[in-house]
Amino acid sequence: MSRPAFSPPPWLAHALRAQRGPVPWGAVVRGALTAGPLLLAAVLAGRTPAGVVAALGALFAGINDRPGSRRAAVHHLGAPALAGAGGLLVGTYAGQHTGPVLLTVVLAGLGLVAGAVSAVGHVASAAGTQFLVASAVGAGMPLPDPGWQRALFFLAGAGWLLLLRLGLPAFTGRTGDPGVGLRDGHGTGGRPDQPSDHPSDRSSGHRSGPGIGGRLDRRFDRRRFDYRRFDYRFDGEREAVATVYDAVADLLTATGTPGATARRAALTAALDNAQDALTGPRLRRYASSAVERRLHAQYAAALPLAEAATALAWAEEALPARAAEGPRLLAGAVRGNTPPGPLPAPARDAPALRALDDALLHAADTFDRGGDGLALHTRRRSAASVLRTVLGPGGREYGLRVALCFGAAVAVAQALHRAQWYGHHTHWYWLPATAVFLVKPDLGPLVSRVLCRAAGTVLGALVFAVPAALLPRPAGLIVLVTLCGALIPVATRHFAAQTAVVTVLVLALVMAGGDPGASWSRIGETLLACGIVLLVGHLPAPGQRGGTVRARLARAVEAAYGYLAHVLDHEDDRAGRWALRRDAYRTLAQARAAIDLSAAELPALARHTRGTAEVAATLERLVDTTTACAVHLDDSGRLSPRHRERLTGLLDELDRRRARAGLATVPRPTSPRLRERDLAGRPDA
């Protein structure tokens, strides 16, 4: 009798799991060109303290330097950098003009505000983290420069990396070949005219004759495309849009299989990423470049394709292989900035298949003529919605946790510093800065964060001890900072690895600034911070726990109900429907991420969100069914009994599961379409 395989608990599995993917060589090069060279320039100029602060700004920017478009990088790197500079300024003057008690109160208050703001989203969370860490560094790091100069040096370091991000080309390894995506077993190996053995393929054939294929062969004009111009400024946007078409093809391939649900979630993630890549900050309201307008139009053309693919996946019927070849060719055309050529035509014997065929025709016309590059069909969050998130249950709970952890860490660090528990070492900021990183739930479950932070700090201190004893100063420290800056983009795949690299880099900066004995005290301060965050994380809190999960789930329910009401009552407004569909799936993905993270906590914390995963699963089926209803209404003008029964059943199931999970009641949509009866004998019913 064989023993069952060991299955680690979720919190331990998260600590042992690392992200995978290709090496981000562009980010590696940028990391090597920021912190180390900035420190070298400052040392040569005789301004080593200024170089230390600039290198810290580059360090934090490097942590946030993730794959994506250059336009999105302005927001993802710039907003946290501005917040960090502000925190450094406030922390410096608070540390210089307040006593230990008042300083603790001030920093705890900052933690309350920054924690509440962090509930808004990923960029707000990164900005809140940098604000608090920089405020602790400003209050605790002894530097000769005034606070406003420190803030400028910090911005200069982050700004240098942002300039490199905007100016240097990406090292992605893409060839620009329009056939990419048709290889590796997808489609027919780059030959869309090759016949298939599937009977449906033989009956439908290639796009020719009275179908749309005959028009495509005549309509595509290769002179419309300039093959010599490949504007690398938009390589992030181009890859994001191409990934959407690949995700559509993957979903069509997985339709009728158990993997369809995961492929639909991957399509949502691809659409979210493309939307973020294309809607970054800009000086003008609309895209001014012809290349960017074309990418906007190609993204918009993918929305009806995604809608039709979702409806086909909902039907749970397998499709012939050629159904995925059209989106696969479009993905290659986006990457190579080339025409896709003739597109295989799917059968038109079902509403969703007819919608897919029409969407392919629309996409082909967009790729040929350029389309409308103005409408991205997105919904921006209003200021009132952001304020409700900050002041709502999720923002209040998170703000209180951050304030308690940050304030307690500052108080303990101040007491140990003034008692000289670790001698004359004055860098007490490490303890509260570590607590800020540990209290961030977007870095993983609480126990997983604590284990990874402790292990990474110990490893980093041990690794740093060898070069610190052997390398010459300051040249050896500059080389070490340069190497660590290059490793950060790779180390971000695991929190322990990232902690180890950051520990080595910070210790090198501290030693370059004139403090040679900070290594071993870092281990003790990190373990203290781990204990503080573990204790505060398990303390009882006023009100209902799991505020972040409940707030995101409530917003997802609101978005799903709004999407359903629009589909049922405004079937002619397709642009509004696509925007609401994107909002529904995006908020659902955010709620899913929060639920999965809470479920991986220790049972004492995970029990507060018990039942929310079932609510999200029902909500996901409701949004999928709404999408299928939208496609069916476009084709027939009324709901079939199957669609109506599925909608009413899911709405009833959602009410029951929300009641069991203790979620607030939200009025469900009411529409005459949910009560009308179809005409007897209707063939599409």
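The residue numbering used here restarts from 1 in each chain and proceeds along that chain's sequence as written. Confidence filtering applies because this is a predicted model: local features only for residues at pLDDT of at least 70, side-chain atom pairs given and counted only at 80 or more, and all residues used for totals across whole chains, interfaces and linings. To get the side-chain values, all heavy atoms of the structure are used, and hydrogens and water are removed first.

Chemist: Can you walk me through the nonpolar core in this structure?
Modeler: The nonpolar side chains of soluble globular proteins are, as a tendency, buried together. Nonpolar cores are built from buried Ala, Val, Leu, Ile, Met, Phe, Trp, Tyr and Cys residues. Side-chain atoms within 4.5 Å join them into one set. Relative accessibility under 20% of the residue-type maximum defines a buried residue, over 50% an exposed one, and the middle range a partly exposed one, all with a 1.4 Å probe and only protein chains included. One finds L59, L132, F464 and L509 to be the most contacted residues of the largest nonpolar core, which totals 79 residues. The contact rule is simple, with two residues in contact once any of their heavy atoms fall within 4.5 Å. Discounting residues that sit within four places of it in the chain, L509 has contacts with L39, V52, A55, L56 and V481. Ranked by size, the runner-up nonpolar core spans 50 residues in total, among them A247, L251, L252 and A270.

Chemist: For this particular structure, what's the right way to read the packing of helix α3 (residues 35–44) against helix α20 (residues 475–491)?
Modeler: Helix-helix packing: each pair is described by the crossing angle between the helix axes and the interaxial distance. It is at 7 Å that the axes of α3 and α20 come closest, and there the two elements cross at 155°. Relative to α20, the element α3 is oriented roughly antiparallel. The segment α3 lies against α20, with A35, G36, P37, L39, L40 and V43 engaging I478, V481 and T482. Throughout this entry, Asp, Glu, Lys and Arg are counted as charged residues, while Ala, Val, Leu, Ile, Met, Phe, Trp, Tyr, Cys and Pro are counted as nonpolar. The remaining residues, Gly among them, count as polar. Looking at side-chain class alone, the contact of α3 with α20 contains seven nonpolar, two polar and no charged residues. The convention used is that axes are lines fitted to C-alpha atoms, helices contributing only their stretch in contact, and that angles between N-to-C directions extend from 0 to 180 degrees. Helix and strand assignments come from DSSP, with helices taken as H or I runs of at least 4 residues and strands as E runs of at least 2, each series counted from the N terminus. For classification purposes, an angle smaller than 35 degrees is called roughly parallel, one larger than 145 roughly antiparallel, one from 65 to 115 roughly perpendicular, and anything else oblique.

Chemist: How should I be thinking about empty space enclosed by the protein in this particular structure?
Modeler: To find leftover empty space, one rolls a probe the size of a water molecule over the atoms. Using only the protein atoms, space was sampled on a 1 Å grid; points where a 1.4 Å probe fits but cannot get out form cavities, open sets with protein on both sides within 12 Å along at least five of seven lines form pockets, and lining residues are those with an atom within 4 Å of a point. Grid points are joined across faces, edges and corners, and a volume is the space filled by probe spheres set on the points. The final tally for this structure, using the stated rule, is five cavities of 30 Å³ or more. Approximately 190 Å³ is the volume found for the largest cavity. Considering the residues around the largest cavity, the lining is formed by 18 residues, among which F60, V133, W430, A433 and V506 are closest to the centre. The set of elements that each furnish at least two residues to the lining of the largest cavity consists of α4 (48–63), α7 (122–140), α18 (430–438) and α21 (495–512).

Chemist: Looking at this structure, how should I read the environment of A61?
Modeler: By the element assignment, A61 lies in helix α4. Expressed as a C-alpha distance, the spacing of A61 and W160, which sit 99 residues apart in the sequence, is 9.5 Å.

Chemist: Sorry if this is basic, but what is going on with helix α26 (residues 612–636) here?
Modeler: Along an α-helix, residues three or four positions apart point the same way, because every turn accommodates 3.6 residues. The terminal C-alpha atoms of α26, which comprises 25 residues, lie 36 Å apart, in line with the 36 Å expected from a rise of 1.5 Å per residue. Immediately downstream of α26, the backbone of G637 shows phi near 85°, a positive value. Multiplying 1.5 Å by the residue count of a helix minus one yields the expected span of that helix.

Chemist: Any chance you could explain unusual backbone geometry here in plain terms?
Modeler: Backbone torsion omega between R473 and P474 reads 0°, so that peptide bond is classified as cis. As for its placement among the helices and strands, P474 is situated in the loop between α19 (446–470) and α20. Its identity is not glycine, yet E316 carries a phi of approximately 60°, on the positive side. Tracing the chain through its elements places E316 in the loop between α13 (290–315) and α14 (325–336). What makes E316 exposed here is its relative accessible area of 63%. One non-glycine residue, N337, adopts positive backbone phi at about 55°. Locating N337 in the fold gives a position in the loop between α14 and α15 (351–369). Accessibility expressed as a relative area gives 17% for N337, which makes it buried.

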